[in-house]
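# Survey of secondary and tertiary structure
If you want the building blocks of each chain, they are given just below.
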Amino acid sequence: MITRKTLSLLALSLSATPFAVAAEFTLFAAGVNPNDISTYYNINQGTDPTCWAAVGSNIVAHWQDHHVKVPNNAPKGTDVYETFLSLFSKPGGGNSNYFFYWWLGHYEPTNFYGTLKPDWESLNVGGYYEDVYRSLDEVTDIAWRRSSAGARADSRTIFYALNQGLSLGVGLSGHALTVYGASFDTETELVTSLYVCDSSGYLWDEKDISRIYVDERYGYLYLFGYYGNGVDYDSILSPRHDLENIYVLGASEIETVAFINGTTPIPEPSAFALLAGLGVLVFAGGRRHRQSREI
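Predicted model only: the values in this text are computed from it and were never measured.

## Details of the overall build of the protein chain
For the protein chain, the helix and strand inventory stands at nine helices and 13 strands. Here the protein chain, with 295 residues, has 54% of them falling under the buried criterion.

Encoded structure:
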């Protein structure tokens, strides 16, 4: 994570270097290079309505690679998704935060359209971090979903997660995407684009990170500009453009809410002027209540 001290030292060493300040800056999650598919995960859900589980798996796999000491018995990488699917006799749509609850504390993955195997609790999978997060309150503070609270709050949530090096998920109207990066406007402090993977193949080759542009409409973030392989997917996905939910694993919800409600700018202008001018990608770290399930 880049600190104020690091920025000061970098600014001092490069103070004589002229550069132009751009209008936006971009953050990516820890270790992610959007041009290198070996640096991130993107599960292909196939024909199963499990985009929410694919997003949860991508986030868990990235989190385990970069942010925690992984227990010996915890699956890693693409095995995360396959382990979760082993619970179901019939997969269905759901919400990624319930995936997190099961993975961390072995809590039943409820709020989904699907059928769990009758013996799912005896399969000896899940609950890999029960020794770390010892109560449901601890689990739900570190792994959570927030319904959209407006463009400013959502932009600050996305920034806060990425600024800690975390990947995250966004839920649209009936679909979910994994977010590995975002660009932010330096004046409005709003998200201007997201760098995402789509497990369903609706948008593009499921292996790639692609950029989706974001605009503010009626006070909320609206995703548009779905392009892949020369095809305009806007008409295919409509109305799946309005950002409804954000899924986070690894950042305290209590601390995130404090940042959302605070006045600390994103980013500090001097930090942005330095980093954006040099073309550096930083590896950082009334609600509307909707209960739609992503498929």
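## Overview of the confidence of the model for the protein chain
If pLDDT is low for a region, its predicted coordinates should not be looked at in detail. Here the protein chain averages 78 in pLDDT, while 74% of its residues score no lower than 70. Here helix α1 (residues 4-13) is the element of the protein chain with the lowest mean pLDDT, 34, and strand β12 (residues 245-249) is the one with the highest, 96. Contacts from residues 1-22, a stretch scored under 50 in pLDDT, to residues over four places away or in other chains number 20 contacts. Long-range and interchain partners of residues 269-293, a stretch whose pLDDT sits below 50, account for 83 contacts in this model, where long-range means more than four residues apart.

## Here we look at the nonpolar core
Core analysis: the largest hydrophobic core is formed by 76 residues, its most contacted members being Leu 104, Ile 158, Phe 184 and Leu 194. Once you skip the residues sitting within four places of it in the chain, Ile 158 turns out to touch Leu 168, Ala 182, Phe 184, Val 191, Leu 194, Leu 243 and Ile 246.

## Details of the packing of helix α2 (residues 51-66) against helix α4 (residues 96-105)
Where α2 meets α4, the closest approach of the two axes is 8 Å, and the angle between their N-to-C directions is 50 degrees. In terms of axis orientation, α2 runs oblique to α4. Here α2 and α4 pass one another in a crossing that is right-handed. Taken together, the residues of α4 that come into contact with α2 (itself represented by Trp 52, Ala 53, Val 55, Gly 56, Ser 57, Ile 59, Val 60, Trp 63 and Gln 64) are Ser 96, Phe 99, Phe 100, Trp 103 and Leu 104.

## Remarks on the side chain of Asn 42
Here Asn 42 lies in the loop between β1 (24-28) and α2. For Asn 42, the side chain forms a polar contact with the side chain of Asn 58, separated by 3.4 Å.

The rules behind each value
Residues numbered from 1 in each chain as written. Predicted model: local features only at pLDDT ≥ 70, side-chain atom pairs only at ≥ 80, totals over all residues. Heavy atoms only, no water. Helix = DSSP H or I, 4+ residues; strand = E, 2+ residues; numbered from the N terminus. Buried < 20%, exposed > 50% of the residue type's maximum accessible area, 1.4 Å probe, protein only. pLDDT = per-residue confidence, 0-100. Contact = heavy atoms within 4.5 Å. Core = buried A, V, L, I, M, F, W, Y, C linked by side-chain atoms within 4.5 Å. Axes fitted to C-alpha atoms, helices over the stretch in contact; angles between N-to-C directions. Parallel < 35°, antiparallel > 145°, perpendicular 65-115°, else oblique. Left-handed = near helix turned anticlockwise from the far one by under 90°. Polar contact = N/O pair within 3.5 Å; in protein donor to acceptor, adjacent residues only side chain to side chain.

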